[in-house]
Amino acid sequence: MLTRLGEQIEVAALKASPAGSARVFGALPPGALAALQSARFKKTLRLVAERAPFYRDAFRRLGIDVSRISHPSQLGDFYTSGDDLRREGPEAFLIGRAETAFETTGTTSPVPKRVLFSNRELNAMGSASAAALHLMGLRRDDTVLSAFDCSFWVSPAVARSALQYIGCFHVEAGKIDPLDCYTHAAAYKPNVIFGEPSWMIRFSQMAAERGTWPVKLLVAGGENIAESARAEVERVWGAPMLLNYGQTEAFGSLGLECLQKQGYHRNDLHFLFEIDRPDADGYGELVYTTLTRDVMPLIRYRASDVTKLVEEPCACGLFAKRLAKVRSRSDEMVVCGMGNVGPWVFEEILRGLAGVGDEWQAVLSNNGRFDVFELRVEAEVGGRSEVGGAEALDRAIRANVKERFPDFWKNLQMGLYELRVTPFSTGSLRTGRKLKRIVDERVLSDLQ
Ligand SMILES: [Zn+2]
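Residues numbered from 1 in each chain as written. Predicted model: local features only at pLDDT ≥ 70, side-chain atom pairs only at ≥ 80, totals over all residues. Heavy atoms only, no water.

On to empty space enclosed by the protein, then. The full count for this structure, using the stated rule, is 3 cavities of 30 Å³ or more. Each pocket or cavity is described by its volume, and for the largest cavity that value is around 110 Å³. In terms of lining residues, the largest cavity is bounded by 16 residues, among which Ser-198, Ile-201, Asn-224, Asn-366 and Asp-371 are the most central. A total of 3 residues in the lining of the largest cavity trace back to one element, the largest contributor, which is helix H9 (residues 197-210). (1 Å grid on protein atoms, 1.4 Å probe; cavity = no way out; pocket = protein on both sides within 12 Å on 5 of 7 lines; lining within 4 Å. Points joined across faces, edges and corners; volume = space filled by probe spheres on them. Helix = DSSP H or I, 4+ residues; strand = E, 2+ residues; numbered from the N terminus.)

Our next topic: the sheet that holds strand S19 (residues 371-379). Taken in spatial order, the 4 strands line up as S20-S19-S18-S21 in an open sheet, and their pairing is mixed. At either margin of the open sheet sits one strand with a lone partner, and together these are strand S20 (417-424) and strand S21 (438-440). Recorded for the sheet is a direction-independent mean angle of 20° between the axes of neighbouring strands. One ladder, built from 8 bridges, connects S19 with S20; its direction is parallel. (Pairing = 2+ DSSP bridges. Axes fitted to C-alpha atoms, helices over the stretch in contact; angles between N-to-C directions.)

Within the fold, Pro-278 resides in the loop between strand S10 (271-276) and strand S11 (284-290). Assessed through its relative accessible area of 48%, Pro-278 is described here as partly exposed. The sequence separation of Pro-278 and Leu-309 amounts to 31 residues, and the corresponding C-alpha distance is 9.9 Å. Apart from residues no more than four positions distant in its own chain, Pro-278 is found in contact with Tyr-283 and Gly-284. (Buried < 20%, exposed > 50% of the residue type's maximum accessible area, 1.4 Å probe, protein only. Contact = heavy atoms within 4.5 Å.)

With that settled, the discussion passes to the nonpolar core. Considering soluble globular proteins, one finds that nonpolar side chains tend to be buried as a cluster. In this structure, Tyr-55 and Trp-237 are the most contacted members of the largest nonpolar core, which totals 93 residues. When residues in this core are grouped by element, the largest group, 7 residues, is from helix H7 (residues 154-166). Every residue in contact with Tyr-55, bar those within four places of it in the chain, is listed here: Val-48, Phe-78, Thr-80, Phe-93, Pro-297, Leu-298 and Ile-299. Judged by nonpolar contacts, the second largest core, of 29 residues, contains Trp-360, Ala-362, Phe-408 and Tyr-417. (Core = buried A, V, L, I, M, F, W, Y, C linked by side-chain atoms within 4.5 Å.)

A few words now on the coordination of the zinc ion. Around the zinc ion, the protein supplies Cys-258 (SG), His-265 (NE2), Cys-314 (SG) and Cys-316 (SG) as donor atoms, at distances of 2.0 to 2.3 Å. Of note is the zinc ion, whose 4 donor atoms meet at the metal with angles of 102 to 115° in an arrangement that counts as tetrahedral. Mapped onto the sequence, the donors of the zinc ion take the spacing C-x6-H-x48-C-x1-C. Classification of His-265 as buried rests on a relative accessible area of 7%. (Donors = N, O, S within 2.8 Å, 3.2 Å for Na, K, Ca; no water. Tetrahedral: all angles 85-135°; square planar, octahedral: opposite > 155°, others 65-115°.)

Below, the discussion takes up the packing of aromatic side chains. Scanning the entire structure with this criterion turns up 25 aromatic pairs. Summarising the aromatic geometry, the rings of Tyr-55 and Phe-93 are spaced 5.7 Å apart at their centres and angled 80° between planes, so their arrangement reads as edge-to-face. In this pair, Tyr-55 sits in helix H4 (residues 53-62) while Phe-93 sits in the loop between helix H5 (82-88) and strand S1 (100-104), placing the two residues 38 residues apart along the sequence. For Phe-93, a relative accessible area of 0% gives the class buried. Both rings, one in Tyr-245 and one in Tyr-264, keep their centres 5.4 Å apart while their planes meet at 35°; by these two values the pair is tilted. Of this pair, Tyr-245 sits in strand S7 (residues 241-247) while Tyr-264 sits in strand S9 (residues 264-266); the two residues are 19 residues apart in sequence, bridging distant segments of the chain. Tyr-264 carries the same exposure label as Tyr-245, and that label is buried. Taken together through their ring pairs, the aromatic side chains of Phe-54, Tyr-55, Phe-59, Phe-78 and Phe-93 make up a single cluster. The ring of Tyr-79 is capped by Arg-302, whose NZ or CZ atom sits 4.0 Å from the centre of that ring. (Phe/Tyr/Trp six-rings, centres within 6.5 Å; stacked < 30°, edge-to-face > 60°. Lys NZ or Arg CZ within 6 Å of the ring centre and 35° of its normal.)

Take a look at the structure:
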């Protein structure tokens, strides 16, 4: 009964305008949401157990009878990980016909995770995002400039779909040099700007030096941002900058900030969220199950992000509950101005360099405006008298970044982060048994 009511409300909401749909979702009684989630979860679980080889085999091996499961938590310690996606490939997870694909790169491995979708899913996500953007203040008479990177990334596609529902004017720059983009943008004077946080910081600095125009909203996604940097962007434009929290595997948005900026309002209609092994404060790795996917559903997918579920109502009054700001990655990958960077990235950068040993460490900090990566390398760069040893190493490393990681090079050229190379003498880096390869020293409290 509650499930039916929930479904009817959602059908009505999706047919309504973004404004209407945001209103209708707000009318969903609390029990109806849980009933709707449960019904959708059971349907998804039945479908993957029947059709997706990865889940069918895993459930058989573990003796899981899906007809007895009504909540993901009843699946014990069964999870789906990014490694599963990479190892098995998307085909092992398919239950329906795919019409498009997106990729997520640069995590803990050079192999991208590929995720497949249908156009129906794209439209559903676009419609839900349109309602969320309406709540952020986006309207039909606004002019949007998007600088999201279009290369295999899901966000520009979802944004484009959402903006069609809103019906506003929209121009797409792709992720180009901030100064270049500024020159083009000045002709459109967009009052809403989409982009990655580190790009947005550089773009705003260009605008601060050259002149701004009236902007009402900045929407950023794809990485975290220090609150001091956010404050600077907001000061330049005199407008709020709100963050989207998403993953390609989730098809865009898991949650979106409101003007309170106290966590992300979560997308409970499309996902069931859990926290794995929460600590005393409720923080642990985020795990989510997709509820509405008909191509490549994911059951208990490990997000690799540490956060907590916030059940208390938000001061903004919005019905949707929240995810707290992400504290850190649960693996060694860091999301920063350089991009999504794992230890393998630096191994690849250092590969084949003369005089460079196996010991290295990359230390990430933030100077209040940019992320700064200091790459500490044990290397024989010659004695003090040998001028240019350290500089030659620096040049060789930069040449490898340029040749082997064009995206990271592009971000460096755009000034989205700084790269410093510090040579260390042999044997001086490793003090314990294990050398932590990537050390994230960015002040956590500033990111929260
Ligand atoms: Zn709120």
